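# Coordinate analysis (summary)
As a plain string of letters, each chain reads:
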Amino acid sequence: MSFQLVIAEKPSVARSIAAVIGATEKQTGYWQGGGYLVSWCIGHLVSFAEAGQYDEKYCKWRYEDLPILPQPWQFIVPDEKKQQFEIVRSLLNRPDVDSVTAATDAGREGELIFRFVYQMAGCTKPVKRLWISSMEDAAIREGFANLRPDSDYDALYQSALCRAKADWLVGINATRLFSVLYHKTLTVGRVQTPTLKMLVDRDAKILRFQKEKYYTVGIHSGSLKADSGRADAETANSLKEKCTGAVAVCTSVKREKKTEQPPKLYDLTTLQREANRLFGFTAKQTLDYAQQLYEKKLLTYPRTDSQYLTEDMGQTVQHLVSDLLRLLPIAQGLALTPDVGRVLNSKKVSDHHAIIPTSEFVKQGFTGLAESECKLMNLVCSKLLCAVAAPHEYETVTAVFSCAGNEFAAKGKTMLVPGWKEIDQRFRSTLKADGEEETETLNTLPELTEGQNFSVTTDISEHFTSPPKAYTEDTLLSAMERAGAEDMPENAERKGLGTPATRAAILEKLVQMGFVQRKGKQLVPTKDGINLAVVLPESLTSPALTAEWENRLTKIAKGNADPDEFMAEIEAQVRQLVKTYSCISADKQNLFQSERIIIGKCPRCSENVYEGKKNFYCGNRSCQFVMWKNDRFFEQRKKAFTPKIAAALLKNGKAKVKGLYSEKTGKTYDATVLLADTGGKYVNYRVERKE
């Protein structure tokens, strides 16, 4: 009997696929049954080799060894993944396996994960590709009925390979180059560094901002209020005087009917932005929750950059909407005639369609979901209802008044057809204090006609100009998506920094490396982050250049650009970088040195004593004075040698210490510890007396 081997990206996905296709017998590292074997990777089973594997000299970071340009590229299986790799390799090479199905996630990265394993295992058997947007049983069955040759995805693999190699080359070389120059580990990345630069530029704008005061004059008559434009104090006072007791005449009333179209469905970025704004979720949290819901078969594939569905999904959406109207509390008593056609556009769907709930969710509802998952499902469901609802229609009124020869304006708004906004308002009213969403207030003006006269009172309001706002994950994701767009042709394949699937991880990495910190919802660069963005060349920090890379990678994925040409340019850029930055001035070399903390004065030479990682040391290099944090005196007494104790010893020659442990009695005691410095290599301590 021969088998078809199916390789998924994660164990949970393999389990779902195996259950649908009848591979129900559990083996070590795979499922078997119904003519199928179903195994899995654990993310990236095969990775690029570390630099040190190409040559031992690369184990040390030195300027003279740069640039590192692997030729040919080498691969490794990380130790913790070797066991699963061996299982997959033996399955790929089993004589009774006659064909292979790649069932890793349907996207650029999933293609790379499968191809690396297939190549590393030395397999040459024919491969078909499973390409699905939902983990529901019906979607898996349909996917297996429509498998495509994996060669159809060769261009996608080339794009993934170029992305991975470019990230390795820029990351390894630029990180080593600038770390060696500045004597501190400075992680540089193809997408993370331009993202950091955007944060630093915004921070500089906020710091440079100077608040300016301005005034407006208001005229009032009953419920009617109209305002002047901005003015300085003198002009405002003079205007108020002129208008006091004067008559205002309505010179024009302009009414405009306006229509606000329903929002589009979610792609990953818009979902992350809105979940950040409403719930304070980080981009990574939103992606994690969406991935969990996808694996539970309740949500479609989350790593998508499309906000539309394919045209063959009309019937599915129609059923989904009517089911959601029954299921969702916010939809009770809602009169909705869905216009499904508005969300269908096959031309605007590349790898995956927009994120929507599945029919499995309609069956199960919110039962058994964590609070965070419920919030996300509610968000996706209400967005689908909004997207197929009627447009929102309203009328704006702008009235202009003349008073003492000056113009004043009043604006009002009247709702005509609530449309999709009714669903949106219902949804927002369920959000407790999570978001800072303001509900829109309508300002209705009284009936006005041209030539109408009003006796008015006047007042002056003081205002201040507002600084630019610090980025939140919501606004930064939006900026990353649009980065470099103004420098690109209208028909560019992809604009922006990174992809919807990678942006969350980039933000997390910047925070983890200490270049960015979270302050509430705000993302703010640290001192090291600002310095790094300032010292790096434009080729590494420019959002426009990196966005151009993403555009090229998308073209490669569609077979419209040459991968070899792209890689040659990346290598040339790396060579140029190393050549340009061979040395830096002495004062710049200390830019990233952490500020040393002074603990006290040295008892031998009176210079400052600083705290190091492992000791308290004298700043005078020729002086040998040092107190070690792991000194046996303190370790025997089970007491941490803290900066506070060190400071007291330096200042007074003694320190009161609580909770010293006695090996004789097994009890703790309080005592005064003396600094007994003999001037030799080691410093001694002794207990003066018990308290």
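So, here's what we can say about the structure.

Cut-offs applied
- Residues numbered from 1 in each chain as written.
- Predicted model: local features only at pLDDT ≥ 70, side-chain atom pairs only at ≥ 80, totals over all residues.
- Heavy atoms only, no water.
- Salt bridge = Lys/Arg side-chain N within 4 Å of Asp/Glu carboxyl O.
- Buried < 20%, exposed > 50% of the residue type's maximum accessible area, 1.4 Å probe, protein only.
- Pairing = 2+ DSSP bridges.
- Helix = DSSP H or I, 4+ residues; strand = E, 2+ residues; numbered from the N terminus.
- Axes fitted to C-alpha atoms, helices over the stretch in contact; angles between N-to-C directions.
- Parallel < 35°, antiparallel > 145°, perpendicular 65-115°, else oblique.
- Left-handed = near helix turned anticlockwise from the far one by under 90°.
- Contact = heavy atoms within 4.5 Å.
- Nonpolar A, V, L, I, M, F, W, Y, C, P; charged D, E, K, R; others polar.
- 1 Å grid on protein atoms, 1.4 Å probe; cavity = no way out; pocket = protein on both sides within 12 Å on 5 of 7 lines; lining within 4 Å.
- Points joined across faces, edges and corners; volume = space filled by probe spheres on them.
- Arc of directions from axis to C-beta.
- Core = buried A, V, L, I, M, F, W, Y, C linked by side-chain atoms within 4.5 Å.
- Polar contact = N/O pair within 3.5 Å; in protein donor to acceptor, adjacent residues only side chain to side chain.

### Considering the pattern of salt bridges
- Per the stated rule, a full pass over the model turns up 43 salt bridges.
- Here aspartate 339 ties to arginine 342 by a salt bridge, and the two come within 3.3 Å at their closest N and O atoms.
- Judged by its relative accessible area of 26%, arginine 342 is partly exposed.
- Among the charged side chains, a salt-bridge network with shared partners connects Arg108, Glu109, Arg163, Asp167, Arg190 and Glu550.

### Remarks on the pairing of strand 18 (residues 522-525)
- Here four bridges tie strand 17 (residues 516-519) to strand 18, and the two strands are oriented antiparallel to one another. Bridge assignment links glutamine 517 to a residue of strand 18, and that residue is valine 524.
- Between strand 17 and strand 18, which follow one another and run antiparallel, lie two residues, and glycine 520 among them has a positive phi close to 65 degrees.

### Structural notes on the packing of helix 9 (residues 268-279) against helix 15 (residues 473-482)
- Where helix 9 contacts helix 15, the axes come no closer than 8 Å and their chain directions differ by 160 degrees. The pairing of helix 9 with helix 15 is recorded here as roughly antiparallel in orientation. When the axes of helix 9 and helix 15 are compared, the crossing they make is left-handed. Contact with helix 9, carried on its side by Thr269, Gln272, Arg273, Asn276 and Arg277, involves Glu473, Asp474, Leu477, Ser478 and Glu481 of helix 15 and no other residues of that element.
- Taken together, the residues of the contact of helix 9 with helix 15 sort by class into one nonpolar, four polar and five charged.

### Section: the sheet that holds strand 3 (residues 30-33)
- Pairing in this open sheet of seven strands is mixed, and the strands run 2-3-4-1-7-8-9 from one edge to the other. Looking along the sheet, the strands with just one partner apiece sit at the ends: strand 2 (25-27) and strand 9 (148-149).
- Sheet analysis places strand 3 next to strand 4 (residues 36-40), joined by four bridges and oriented antiparallel. Bridging from a neighbouring strand, glycine 33 pairs with tyrosine 36 of strand 4.
- Here helix 1 (residues 11-21) sits on the sheet in contact with strand 1 (3-8), strand 3, strand 4 and strand 7 (97-103), set at roughly 165 degrees to strand 4.
- Against the sheet, helix 4 (residues 108-120) contacts strand 1, strand 7 and strand 8 (127-129), and its axis sits at roughly 165 degrees relative to strand 8.

### Topic: empty space enclosed by the protein
- Per the stated rule, a full pass over the model turns up four cavities of 30 Å³ or more.
- Counted as a void, the largest cavity has a volume near 80 Å³.
- Contributing to the lining of the largest cavity are Val13, Ile17, Ala103, Thr104, Asp105, Ala106, Leu130, Ile132, Met135, Tyr294 and Tyr301.
- In terms of residue class, the lining of the largest cavity is built from nine nonpolar, one polar and one charged.
- In this structure, the second largest cavity occupies an estimated 50 Å³ of space.
- Surrounding the second largest cavity, Tyr266, Glu274, Leu278, Leu379, Ser382, Lys383, Cys386, Asp424, Phe427 and Arg428 form its lining.

### A few points about helix 3 (residues 82-92)
- Taken as a whole, helix 3 has its buried residues at Gln84, Phe85, Ile87, Val88, Leu91 and Leu92. The buried residues of helix 3 occupy an angular sector of 160 degrees when projected down its axis, which confines them to one face.
- On its buried face, helix 3 is in contact with strand 1, strand 3, strand 4, strand 7 and helix 4.

### Some remarks on helix 16 (residues 503-512)
- Of all the positions in helix 16, only Arg503, Ala504, Ile506, Leu507, Glu508 and Leu510 are classed as buried.
- The inward-facing, buried residues of helix 16 abut helix 7 (192-208), helix 9, helix 10 (283-295), helix 15, strand 17 and strand 18.
- With its phi angle positive at about 85 degrees, glycine 514 sits one or two positions after the end of helix 16.

### Topic: the nonpolar core
- Ranked by internal contacts, the top residues of the largest apolar core, which has 85 residues, are Leu92, Phe178 and Phe566.
- The leading source of residues in this core is helix 6 (residues 154-182), at 15 residues.
- When residues no more than four places from it in sequence are discounted, the contact partners of leucine 92 are Leu5, Ile7, Val100, Val117, Tyr118, Ala121, Cys123 and Lys125.
- Grouped together as the second largest cluster of nonpolar side chains are 49 residues, Leu293, Val343, Ala387 and Phe427 included.

### With respect to unusual backbone geometry
- A cis geometry characterises the amide bond from leucine 66 onward to proline 67, with omega recorded as -5 degrees.
- Here proline 67 shows up in the loop between helix 2 (51-54) and strand 6 (75-76).
- A cis amide bond, omega -5 degrees, links glutamine 71 with the succeeding residue proline 72.
- One can find proline 72 in the loop between helix 2 and strand 6.
- Positive phi, close to 55 degrees, is recorded for histidine 183, a residue that is not glycine.
- Along the chain, histidine 183 turns up in the loop between helix 6 and helix 7.
- The backbone of alanine 404 sits at a positive phi, close to 50 degrees, despite the residue not being glycine.

### Details of the pairing of strand 4
- Among the five residues that make up strand 4, five are buried, leaving the element largely enclosed by the rest of the structure.
- Residues of strand 4 alternate between two faces, with Tyr36, Val38 and Trp40 on one and Leu37 and Ser39 on the opposite face, all of them buried.
- Here strand 1 pairs with strand 4 via five bridges, running parallel. Looking across to strand 4, one finds that glutamine 4 is bridged to tyrosine 36.
- Taking the residues that link successive antiparallel strands as the turn, the strand 3-strand 4 hairpin has two residues, and the phi of glycine 34 there is positive, at about 65 degrees.

### What about the environment of alanine 290?
- Within the secondary structure, alanine 290 is located in helix 10.
- Owing to a relative accessible area of 0%, alanine 290 belongs among the buried residues under this scheme.
- Distance from alanine 290 to leucine 325, taken between C-alpha atoms, is 22 Å for residues 35 residues apart in sequence.
- If we ignore the near neighbours within four places in the chain, the residues touching alanine 290 are Leu299, Pro302 and Leu376.

### Points about the packing of helix 6 against helix 19 (residues 543-557)
- Contact pair helix 6 / helix 19: the axes reach a minimum separation of 7 Å and the direction vectors enclose 150 degrees. It follows that helix 6 is roughly antiparallel to helix 19 by the angle criterion. Contacts between helix 6 and helix 19 involve Ala155, Leu156, Gln158, Ser159, Cys162, Arg163, Ala166 and Val170 from the first element and Trp549, Leu553, Ile556 and Ala557 from the second.
- Its residues assigned to classes, the contact of helix 6 with helix 19 comprises nine nonpolar, two polar and one charged.

### Some thoughts on the side chain of glutamine 272
- Considering the arrangement of structural elements, one finds glutamine 272 in helix 9.
- Overall, glutamine 272 belongs to the buried group, its relative accessible area being 0%.
- A distance of 3.1 Å separates a polar atom in the side chain of glutamine 272 from the backbone oxygen of alanine 283.

These results come straight from atomic positions and should not be treated as a statement about function.
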